[in-house]
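# Results of the structural survey
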Amino acid sequence: MSSSLSPVWRDYRARRRVLAAAIVGFAPVLGWATRLLPELTGSATPGHVLLAAWITASAGAAIRFASFRCPFCGCHFHWTIWVANPFSDACLHCGFRKWRDPHAARAFARR
């Protein structure tokens, strides 16, 4: 299925998967960093460093996902100055639907 997607949407899917992995992985990393890692190393510092790195990476993944630009109008897909909706299935600026082929839409819009 991914071979039929435009490269823009493959990039969007990758951004979404990285963000989902960062969110889902937080609980196991938290448990491992606060319980197991201090027992293995004898210090809480490595756990704190791991948590700080995970939170920083999660914030980076969230920012990267939020900064995805609409392939049709070039504005941010999920937010405007007043509204932010990461679950939106259409661009909040131009209404371009998610998963549509941007090249075909441009060709159709020129008619």
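As the structure is a computational prediction, the values presented were derived from the model and not from experiment.

Reading the values: the criteria
- Residues numbered from 1 in each chain as written.
- Predicted model: local features only at pLDDT ≥ 70, side-chain atom pairs only at ≥ 80, totals over all residues.
- Heavy atoms only, no water.
- Helix = DSSP H or I, 4+ residues; strand = E, 2+ residues; numbered from the N terminus.
- Expected span 1.5 Å × (residues − 1).
- Buried < 20%, exposed > 50% of the residue type's maximum accessible area, 1.4 Å probe, protein only.
- Arc of directions from axis to C-beta.
- Contact = heavy atoms within 4.5 Å.

### With respect to helix α3 (residues 45-66)
The first and last C-alpha atoms of α3 sit 31 Å apart over 22 residues, in line with the 32 Å expected at 1.5 Å per residue. By the burial criterion, the buried members of α3 are G47, L51, S58, A61 and F65. Looking straight down α3, one finds its buried side chains confined to an arc of 90 degrees; they lie on one side. Among the exposed residues of α3, those oriented more than 90 degrees off its buried face are H48, V49, T56 and I63. In the core, the buried residues of α3 are packed alongside α1 (7-24) and α2 (26-41).

### Examining the environment of A22
You can see A22 is positioned in helix α1. With 32 residues separating them in the primary sequence, A22 and W54 have C-alpha atoms 7.7 Å apart. When neighbours within four sequence positions are excluded, A22 is seen to be in contact with W54 and S58.

So yeah, pure geometry; function would need other evidence.
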